[in-house]
Each structure stands twice: as structure tokens, then as C-alpha cells.
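# Structure at a glance
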Amino acid sequence: MYIGVDMGGTNIRAALVNEHGIVKKVSMLCPARSSKEEVMEALAGLISQVFTKEVEGVGVGVPSVVDREAGVVYDVANIRSWDRVELAPYLSSRFHVPIYLNNDANCFALGVSHWGEGKAYRNFLGVTLGTGVGAGIIINGKLYNGRNTCAGEIGNLPFDTDNFEEKCSGSFFQHAAGKSGKDLEALARQGDTPTMEVWGRFGRNIGCLVKAITLTYDPEAVFFGGSIAKAFDLFAPSMRRELADFPYPTVIRRLVIGCSQLPDAALLGAASLCVDERKG
């Protein structure tokens, strides 16, 4: 039995996980404007709701740079007080089990690898599309972290006049139409032509992102997750048109691109940290 935690600036979720999947899941609004200590206490309180004596470890996915060895997280997105938090030592002292930390996008990819579509592939990327853009990289069946767990921070790569995060996340829809991706999805599904054109432009941006990923990592597959990925069918056609001029057509033909259908991938991936870290 392990616990997986998915930290976010809006919600914090925790789940008790066994070899069959999630046994119990709880969530709460993140007190993102509170002090460092108050957020830590709230997190510990949530974990305690699913903690049992059978739990052998806790894995936590955090939207930040992570020092996995020291158990420290830095500059956590949307939680201003968490500039530097010794999270693993704190949680270890509270629950007396091993604590494993990683980036939240890495946890998404690990969840897809262990529990979802990624089980069929040795080399793939799990890309999260939401408030920002992140990715977890699976190479030879293992999560590749890089030195600072930021190997998959593809959103910060330069693109057009900005970067991929501005062009492939919720920010794009705010700049392009002054509405959220969720609102524009609803309008598009009602057949609104101007909104469909916005999704077409977004798909072209995603196509450019897939080109960059493919030229850098040459994966077998790319699986999208996150809130915007739920509208995959709205942007996939223009994404694929953008990929038509890829310099190596055979590579693109062989590349599997899809939206992960795995519920709670990040939670399952966070719990899977406990298994993977033990294996080394």
C-alpha cells in the first residue's frame, strides 16, 4: 500500500493505492495564499485521511523543481510561500515512512507508464496541457529526471515570439479569445465557427510542439493529459496537418499520438514513485 499526492495551486489530492489501483481518494482546496507552514499542515492533514498502518511510502508530485535526494522543493507554481520547502523531511517526521518527491508532469508520465497506455511502450513522453505545459520523459521504461527534475520543462522552450507554454496552454485561449479553454470547448462543440478557428490555430501550435519533441527525443509515442487534452478531438486535425511537412515522414507515420484516458494518472504516478525509487 502506498499513498500518491498530486499538489496543485488550486487543489491538493491524495489517494491510497494498492497493486490494483486507487482504494480511497480525498481532495481539498489548496490554501495557496497561506503561509508555508499552513500549507504544509494542510497537506499533512489530507494525507492523514488516507494513511493506514499498511502504508509503506508516500509519493508527492509537485509543480516545481525538486531536489529528490534532499527532499526539497523550490519555487512551487501558484503557491507563493513555497519558495523553498524541506517537504520530505517534514512529511517523514509526521508519518515515519519513506517520502518520495518529483515533478507533477513526471508523475503523470509515470502513471501512464505503469497503469495506462504507456505500458505498451519503452520510450514515450507524457505531456500535460493545462495552466502550463510540462512533460515527463520515459526512456527504456524508466523516468528520466535530469539533474533538477526539469528535463521535461518543454513549455519554456522558445517558440514563435514567446514560448510553448504561452502558445500551448490556457494562456493561448485567453490571449486569442479572452475566454478559458473550457468555455471555448463548449462553444466549439456547439458549432461556433470563429471558435473552431481558434482551436485550429491551437492545434498548429501543438503540432510544432510535437515536432520539437520528436526531433529531440524520437519517442515511440506522445500521450497528452491535463484539462485541455480533453478537447483533443478539436485540435488533433490541425495538429496532424502541421505535422505533414515534418522532414522525416516515416518517423511521424510511426509516432503514436493520443490523449491518455487513464483517470488520476498523476496520483497513480506519484504512488508509483515509491516503487520506482526503491528499485533505483
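Structural notes, computed from the coordinates. As the structure is a computational prediction, the values presented were derived from the model and not from experiment.

### Thoughts on the environment of glycine 8
- Looking at the element boundaries, glycine 8 is found in the loop between strand S1 (2-7) and strand S2 (11-18).
- Of the residues examined, glycine 8 reaches a relative accessible area of 15% and is grouped as buried.
- Separated by 22 residues in the primary sequence, glycine 8 and cysteine 30 place their C-alpha atoms 7.0 Å from one another.
- Those residues in contact with glycine 8 that sit more than four places away from it in its chain are Cys30 and Ile79.

### Examining the layout of surface pockets
- Within this model, the largest pocket holds a volume of roughly 1400 Å³.
- Forming the walls of the largest pocket are 41 residues, and the residues nearest its centre are Asp104, Thr128, Gly130, Thr131 and Gly226.
- Elements with a minimum of two residues in the lining of the largest pocket: S1, S2, helix H3 (104-115), strand S9 (124-129), strand S10 (133-139) and helix H10 (265-279).
- With 3 residues, H3 is the largest single contributor of residues to the lining of the largest pocket.
- When the residues that make up the lining of the largest pocket are grouped by side-chain class, the tally is 15 nonpolar, 18 polar and 8 charged.

### Some details on unusual backbone geometry
- Of note in the backbone geometry, asparagine 78 takes a positive phi value of approximately 70° without being a glycine.
- Inspection of the secondary structure puts asparagine 78 in the loop between strand S6 (72-74) and strand S7 (84-85).
- Backbone geometry at histidine 96 places phi at a positive 60°, although glycine is not the residue there.
- With respect to the helices and strands, histidine 96 occurs in the loop between helix H2 (87-95) and strand S8 (99-103).
- You can call histidine 96 exposed: its relative accessible area is 66%.

### Regarding the packing of helix H6 (residues 181-189) against helix H7 (residues 193-217)
- Two elements in contact, H6 and H7, have axes separated by 8 Å at closest approach and are oriented at 125°. Overall, the two elements H6 and H7 adopt an arrangement that is oblique. Considering the relative orientation of H6 and H7, their crossing is left-handed. Contacts from Gly181, Leu184, Glu185, Leu187 and Ala188 in H6 reach Thr195, Met196, Val198 and Trp199 in H7.

### Regarding helix H1 (residues 36-48)
- Helix length check: H1 (13 residues) gives 19 Å between terminal C-alpha atoms against 18 Å at 1.5 Å per residue, within 8%.
- Contacts made by the buried residues of H1 are with S1, S2, strand S3 (21-29), strand S4 (58-62), S7 and H2.

### Here's the deal with the pairing of S4
- With respect to burial, S4 is a largely interior element, 5 of its 5 residues being buried.
- A two-sided burial pattern is seen for S4, the buried positions comprising Val58, Val60 and Val62 on one face and Gly59 and Gly61 on the other.
- Pairing geometry for S1 and S4, over 4 bridges, is parallel. Among the inter-strand pairings, glycine 4 is bridged to a residue of S4, identified as glycine 59.

### Looking at the side chain of glutamate 185
- Along the chain, the position of glutamate 185 falls in helix H6.
- Dropping the residues within four chain positions of it, glutamate 185 is found in contact with Trp199, Lys230, Ala231 and Leu234.

### Structural notes on the nonpolar core
- Val127, Trp199, Ile206, Phe224 and Met239 are the most contacted members of the largest nonpolar core, which totals 38 residues.
- For this core, the element with the most residues is H7, which contributes 8 residues.

About the criteria used
Residues numbered from 1 in each chain as written. Predicted model: local features only at pLDDT ≥ 70, side-chain atom pairs only at ≥ 80, totals over all residues. Heavy atoms only, no water. Helix = DSSP H or I, 4+ residues; strand = E, 2+ residues; numbered from the N terminus. Buried < 20%, exposed > 50% of the residue type's maximum accessible area, 1.4 Å probe, protein only. Contact = heavy atoms within 4.5 Å. 1 Å grid on protein atoms, 1.4 Å probe; cavity = no way out; pocket = protein on both sides within 12 Å on 5 of 7 lines; lining within 4 Å. Points joined across faces, edges and corners; volume = space filled by probe spheres on them. Nonpolar A, V, L, I, M, F, W, Y, C, P; charged D, E, K, R; others polar. Axes fitted to C-alpha atoms, helices over the stretch in contact; angles between N-to-C directions. Parallel < 35°, antiparallel > 145°, perpendicular 65-115°, else oblique. Left-handed = near helix turned anticlockwise from the far one by under 90°. Expected span 1.5 Å × (residues − 1). Pairing = 2+ DSSP bridges. Core = buried A, V, L, I, M, F, W, Y, C linked by side-chain atoms within 4.5 Å.

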